[in-house]
Amino acid sequence: MRDPSTEMQHLVSRGYQQNFANAEKRVAVIDARSGRLVASDRPIKSNFAAPGFITHLDATGEANGWLEREFGKVEKRALDQIRRITIGSRRPLELSAVVALMALHLVRSRAYAEFHDEILEQTRREEASILVGDPRLQTMHLKQLGMPATEESIQQLIDRWAADSVRTKSGLVESMSRQYNALAVKLSAFRVQVISARKLGSGFAIGDNPVVHADTTTGRIGFRDRLAIGDSNLIMAPLTRWTAAALSARHVPSVEVRTKKVLQRINAATIRGADAEVACHPDDAREVRRVCEHIADFPIERLLS
């Protein structure tokens, strides 16, 4: 039996990456900050993956990969629909698949994991002074430990809880599951705009954080900049080499990209949202590298102009 704590688990699913790969299921991988070509034809099997990324230790101390399996079921259903999407798509199943794929990849990312751990640390530092005044906790503390609770004793309990949560990754996995469900509901209230680049000679790139949420008025991007989804005015993701999707509170007509400049602006947003790397069809590597190298020429606020 495979050990889920050591098996490679994808930050961006293989099936999703396959939408950008060549016939041999390989992609070009590019350093998002420098534009350096990291790999010209990396197999998607090993790309954007980390050992045991969403595996946690359960109460028995065993490695548990249940969330990876559940997310795999979501992806299979969503990707079956996403590959059929065109700018003329109106079928609810296809559009709901976009929401599911976005919600999943928003939480299954290093940026989300770091954001979660930062909140956990803030809670660890601040919660004791709040809880010491809770009469229910005082009663429970006295009943179980035979002494009144003090801020110091509560802090010790919180410290142990926080350390155990980090060690086992149980808190992170539970948070990913809970937030996926909440985001799937929240994003389903938006309208989906499909963007096609099929008539151009090159296509969309995908980042190791494939879903970009940004506030273009301030330049903040993603959980990396501690940006909440509700504070975003741009939520978008590439779906395949030739299609991308954006969410909007109002109906925005789907569109065929007719100039390379617009494609470059969309890819620039993907590059900015990436944690470290972007991937693309090997034939598109030169164009994507050029955008990385000249990222300042493609300000993110121009996407909404």
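Nothing here was measured: the structure is a model prediction, and the numbers come from that model.

Rules behind the numbers
- Residues numbered from 1 in each chain as written.
- Predicted model: local features only at pLDDT ≥ 70, side-chain atom pairs only at ≥ 80, totals over all residues.
- Heavy atoms only, no water.
- Pairing = 2+ DSSP bridges.
- Helix = DSSP H or I, 4+ residues; strand = E, 2+ residues; numbered from the N terminus.
- Contact = heavy atoms within 4.5 Å.
- Axes fitted to C-alpha atoms, helices over the stretch in contact; angles between N-to-C directions.
- Phe/Tyr/Trp six-rings, centres within 6.5 Å; stacked < 30°, edge-to-face > 60°.
- Buried < 20%, exposed > 50% of the residue type's maximum accessible area, 1.4 Å probe, protein only.

## With respect to the sheet that holds strand β11 (residues 234–238)
Okay, step 1: If you trace the six strands from one edge of the open sheet to the other, you get β10-β9-β11-β12-β7-β13, paired in mixed fashion. Edge positions in the sheet fall to β10 (220–221) and β13 (255–256), since each has one partner strand and no second.
Okay, step 2: Looking at chain direction, strand β9 (residues 212–215) and β11 are connected through three bridges and run antiparallel. Bridge pairing links His-213 to Ile-235 in β11.
Okay, step 3: Against the sheet, helix α8 (residues 260–273) touches β7 (191–196), β9, β10 and β11, its axis set at about 100° to β11.

## Some thoughts on the packing of aromatic side chains
Okay, step 1: In this structure the tally under the stated criterion is four aromatic pairs.
Okay, step 2: When the ring of Tyr-16 is compared with that of Phe-20, the centres are 6.1 Å apart and the planes differ by 55°; the resulting orientation is tilted.
Okay, step 3: Residue Tyr-16 is classed as buried on the basis of its relative accessible area of 1%.
Okay, step 4: Owing to a relative accessible area of 0%, Phe-20 belongs among the buried residues under this scheme.

## Quick word on the sheet that holds strand β14 (residues 277–280)
Whenever strands of a sheet pair, they do so through backbone hydrogen bonds, lying parallel or antiparallel.
Okay, step 1: The strand order across the open sheet built from four strands is β3-β2-β14-β8, with neighbouring strands paired in antiparallel fashion. Across the chains shown, the open sheet's two edge strands, defined by having one partner strand only, are β3 (37–43) and β8 (206–207).
Okay, step 2: Taken together, the two bridges between β8 and β14 define a ladder with antiparallel strand orientation. Each bridged residue has a counterpart across the sheet, and for Ile-206 the counterpart in β14 is Ala-279.

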